[in-house]
Amino acid sequence: MKKRKSKNMIRSALILSGAGAICKILGMVYRILLSNILGTQGVGNYQLAYSIYSMLLVAASGGMPAALSAVVAKRFAKADAQGAFEYLQASRRIMGLLGVSFGLLLYIFSGLLARWMGMESVESVLRASTPAVFFVAVTSAYRGFFQGAQDMLPSAFSQICEQIVKIAAGVSLATRLVHKGDAYGAMGAMLGVTLSEGAGLIAIRISGKGRMLPRHKQKHWGRKAAELMKKALPITLGTAIIPILGSIDSLMSMKMLQRAGYSYDTASALYGLYSGFVLPVVHLPGILASAISVSLVPAIASAIANDRKDLQRRQFSFGLKIMCVLGIPLSFGLWGLAQPILSVLYRNLKMEEMMQAAELLRLMAPCALFAMAAQVTGGMLQGMDHMTIPVINLAIGAVCKIALGSLLIGIPGIHIKGAAIGSTACYLTAAMLNTLAVLKYGNGEYRFADCWLKPLVLSVVMLIAVCKSYEVLQGISSALALVCAIVCGALIYTVGIFASGALSRRDFSKQATEMPFYKRSRLPLL
């Protein structure tokens, strides 16, 4: 029985991590396409409205999946599938009520929020998102149920459906409406988000239909709902920290830009350039970091559970090494190829906007390393069962970001660059605190030469080769030159990192042999 539960757990983690990686890639594609359609000002309107929408989503549904999954898992452990389904029914009702309530609040107060922000055009964008609050709230009940049942296929399927519909509907509606004005384009993009969340709800209901028991009337559903809300509230408060701080940062950035003397249109364009054009590029390495982090969590947890000290040392050493070996060259690459990357991805940017975006990307290039370090070390801490430490450290970093932004954005010569500096400081703080915690609680080896010295030297060599190869080839095609320069740099760095001994084939073979292959198993509910 224990063996079967272990198989289900690992299979669920692999399914969810795979779906998460696909969704992140699709999400990046969506943001890049949207930025080319809306332009800087339209993206500024969309991003500001989306930050408020995200905060409401956490308030409406943040802790319910985790709370419901815990209760459902206990019901199944006692072979009480009927009881688990009753909790799902109670959760659907309460989440439906919360979704409608928060959606109505957003619709009613959208005008007041838009006027308070000094951005009246955001009102229509906010109102376009109101049905999505209900869809997400109800979907969270289903995802919590299937998570507790250790069946991640419905959740994974619905997440991928959401992203596909968001790209199709959001891009189509934004393209159709943007000619009426930037605010209409942003509203079209937000309508795409609403349709995608509705599609996600339909997808999880359809894919999970054969996995649930027939509907029946239940008594005392309010008591079960109250029990779930009691469990969900502390989790919601914890998960709400980051979205709330993110919303504060977005609102503060716009306010500080306007106080510095920039008009509404200029402030919106600057914020859109930073949030919609530069941040998606900076976050691209996060897809790789997420995959590494997800793989380290079960590996470290398994090593600790089996009291394998030698295995723990290898896992910790690998995690600390790989974040530097990958993060350092990515940071150098973003810094050296900032303008070529942006010119290939965003062909509609004006030359002045392109220069500003390239300057912002160079400022944020270290985030490729810091964000990767924060995410990888966060996964290592989760594997050690220190779940709250990464969240607290990221919250501390977010506070540093807001403090730096409030000081720098209002300075005319710095303006939106203050937000970029603040973001870099946020990830640096989180990465440093996480790494210190890993060194404190873990027992791995930390070799300075392998983690820092060799990757730094090889990254400089790689950067020279990349820049020279791009200069030679850019006359043919900028896109082709960029791809060839990246491939050339990656080959030089890879050969150098293995030749120097910073990484070896043994590092990867150990990771592969120490993770068992789990066959797919069926759940009691299927």
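Chains are numbered independently. Their residues run from 1 in the order of the written sequence. Per-residue local features of the predicted model are confined to residues with pLDDT of at least 70, and side-chain atom pairs are confined, for both listing and counting, to 80 or more; whole-chain, interface and lining totals are unaffected and use all residues. Excluding hydrogens and water, the side-chain values take into account all heavy atoms of the structure.

Draft legend 1. Structural view of the overall build of the protein. Per the convention used, a helix needs a DSSP run of H or I reaching at least four residues, while a strand needs a run of E reaching at least two, with both numbered from the N terminus. A tally of helices and strands in the protein yields 20 helices and zero strands. In this scheme, a residue with accessible area under 20% of its type's maximum is buried, one over 50% is exposed, and one in between is partly exposed, where area comes from a 1.4 Å probe on protein chains only. Relative to its full complement of 526 residues, the protein shows a buried share of 52%. Whether two residues are in contact is decided by their heavy atoms, any of which lying within 4.5 Å being enough. Look at the contacts in the protein between residues 6 or more apart in sequence, and 83% of them connect residues 24 or more apart. Accessible areas in this description were obtained via Shrake-Rupley with a 1.4 Å probe; residue shielding takes into account the shown protein chains only. When the accessible surface of the protein is split by element, carbon and sulfur atoms take 67% of a total near 23,500 Å².

Draft legend 2. Inspection of the nonpolar core at higher detail. Nonpolar cores are built from buried Ala, Val, Leu, Ile, Met, Phe, Trp, Tyr and Cys residues. Side-chain atoms within 4.5 Å join them into one set. Within the largest apolar cluster, 107 residues are counted, with the highest numbers of intra-cluster contacts made by Tyr30, Tyr46, Tyr274, Leu342, Met364 and Met380. A per-element tally of this core places helix 1 (residues 2–61) first, with 14 residues. When near neighbours in sequence (up to four residues on either side) are disregarded, Tyr30 contacts Tyr46, Lys166, Ile167, Gly170, Val171, Ala189 and Val193. Among the nonpolar cores identified, the runner-up in size contains 26 residues, and Leu68, Phe85, Tyr87 and Ala225 belong to it.

Draft legend 3. Summary view of the side chain of Thr194. With respect to the secondary-structure elements, Thr194 resides in helix 7 (residues 182–208). For Thr194, a relative accessible area of 7% gives the class buried. In contact with Thr194, not counting residues within four places along its chain, are Ala128, Ser129, Pro131, Ala132 and Phe135.

Draft legend 4. Quick peek at the pattern of salt bridges. Salt bridge, as used here: a side-chain nitrogen of Lys or Arg that lies within 4 Å of a carboxyl oxygen of Asp or Glu. Summed over the entire model, instances satisfying the criterion amount to three salt bridges. Salt-bridge contacts for Arg143 lead to Glu162; the nearest nitrogen and oxygen are separated by 2.6 Å. Separated by 19 residues along the polypeptide, Arg143 in helix 5 (residues 130–148) and Glu162 in helix 6 (residues 153–177) bring together distant segments of the chain. With respect to burial, Arg143 and Glu162 carry one shared label: buried. For Lys417, the salt bridge goes to Glu359, with nearest N and O atoms at 3.2 Å. Taken together, the positions of Lys417 in helix 17 (residues 417–441) and Glu359 in helix 14 (residues 351–364) put the pair 58 residues apart, joining distant regions of the chain.

Draft legend 5. Representation of the state of the cysteines in the model. In plain terms, two cysteine sulfur atoms within 2.5 Å form what is called a disulfide here. All chains considered together, the criterion is met by zero disulfides. Just so you know, Cys488 is unpaired, no disulfide at all, and the nearest cysteine sulfur is the one on Cys484, 8.9 Å from it.

Draft legend 6. Layout of the confidence of the model for the protein. Each residue carries a pLDDT score, the predictor's confidence in it, ranging from 0 to 100. In this model, the protein carries a mean pLDDT of 82, and residues with pLDDT of at least 70 account for 86%. A low-confidence stretch, residues 1–6 (pLDDT under 50), is modelled with six contacts involving residues beyond four sequence positions or located in other chains. Within the model, the stretch residues 512–526 combines pLDDT values under 50 with 31 contacts to residues more than four positions away or in other chains.

Draft legend 7. The arrangement of the packing of aromatic side chains in detail. Pairing of aromatic rings covers Phe, Tyr and the six-membered ring of Trp, with a centre-to-centre limit of 6.5 Å; geometry is then stacked below 30 degrees between planes, edge-to-face above 60, and tilted otherwise. The final tally for this structure, using the stated rule, is six aromatic pairs. Judged by centre distance (5.3 Å) and plane angle (75 degrees), the rings of Phe145 and Phe146 are edge-to-face. Residue classification places Phe146 among the buried residues on the basis of a relative accessible area of 1%. Between Tyr271 and Tyr274, the aromatic rings sit 6.4 Å apart at their centres with planes inclined by 55 degrees, giving tilted as the arrangement. With Tyr271 and Tyr274 both in helix 10 (residues 264–282), this residue pair falls three residues apart, about one helical turn. A connected cluster of aromatic rings, assembled from ring pairs, spans Tyr46, Tyr50 and Tyr53. Whether a charge sits over a ring comes down to the Lys NZ or Arg CZ being within 6 Å of the ring centre and within 35 degrees of the ring normal. Across from the ring centre of Tyr107, 4.4 Å away, lies the NZ or CZ of Arg127, which sits over that ring.

Draft legend 8. Region of interest: the packing of helix 13 (residues 338–345) against helix 14. All axes are obtained by fitting lines to C-alpha atoms, using only the stretch in contact for helices, and the reported angles, taken between N-to-C directions, cover 0 to 180 degrees. The N-to-C vectors of helix 13 and helix 14 enclose an angle of 125 degrees; their axes lie 9 Å apart at closest approach. The orientation of helix 13 relative to helix 14 falls into the category oblique. For the pair helix 13 and helix 14, the sense of crossing is right-handed. Contacts between helix 13 and helix 14 involve Ala338, Gln339, Leu342 and Ser343 on the former and, on the latter, Met354, Met355, Ala357, Ala358, Leu361 and Arg362. Its residues assigned to classes, the contact of helix 13 with helix 14 comprises seven nonpolar, two polar and one charged. Oblique is the label for any angle not under 35 degrees, not over 145, and not in the 65 to 115 range, which are roughly parallel, roughly antiparallel and roughly perpendicular in turn. By the definition used in this description, the sense in which the near helix is turned from the far one sets the handedness, with an anticlockwise turn below a right angle giving left-handed and a clockwise turn giving right-handed. When residues are sorted by character, Ala, Val, Leu, Ile, Met, Phe, Trp, Tyr, Cys and Pro go into the nonpolar class, Asp, Glu, Lys and Arg into the charged class, and all the rest, Gly among them, into the polar class.

Draft legend 9. Summary view of unusual backbone geometry. In this structure, His415 is a non-glycine residue whose phi angle is positive, near 35 degrees. Within the secondary structure layout, His415 lies in the loop between helix 16 (388–408) and helix 17.

Draft legend 10. Representation of a positive patch on the surface in the model. Patch membership is restricted to residues that have no salt bridge and whose relative accessible area is over 30%. Joining uses 9 Å for like charges and 5 Å for the nonpolar side chains Val, Leu, Ile, Met, Phe, Trp and Tyr. Residues scored as positive are Lys and Arg, those scored as negative are Asp and Glu, and His as well as the terminal groups of each chain are ignored. Charged side chains are reduced to one point each, which is NZ for Lys, CZ for Arg, CG for Asp and CD for Glu. On the surface, Lys74, Lys78, Lys230 and Lys231 cluster together into a patch of positive charge. Along the polypeptide, Lys230 turns up in helix 8 (residues 221–239). Here Lys230 falls in the exposed class, since its relative accessible area comes to 70%.

Draft legend 11. Structural view of the layout of surface pockets. Computed from the structure, the second largest pocket encloses a volume of approximately 820 Å³. Only protein atoms enter the calculation, which uses a 1 Å grid: trapped sets of points that fit a 1.4 Å probe without letting it out are cavities, open sets showing protein on both sides within 12 Å along at least five of seven lines are pockets, and any residue with an atom within 4 Å of a point is a lining residue. Lining the second largest pocket are 29 residues; nearest its centre among them are Pro329, Leu330, Gly333, Ile486 and Ala490. A per-element tally of the lining of the second largest pocket places helix 19 (residues 478–499) first, with ten residues. Residue composition of the lining of the second largest pocket, grouped by class: 26 nonpolar, three polar and no charged. Grid points are joined across faces, edges and corners, and a volume is the space filled by probe spheres set on the points.

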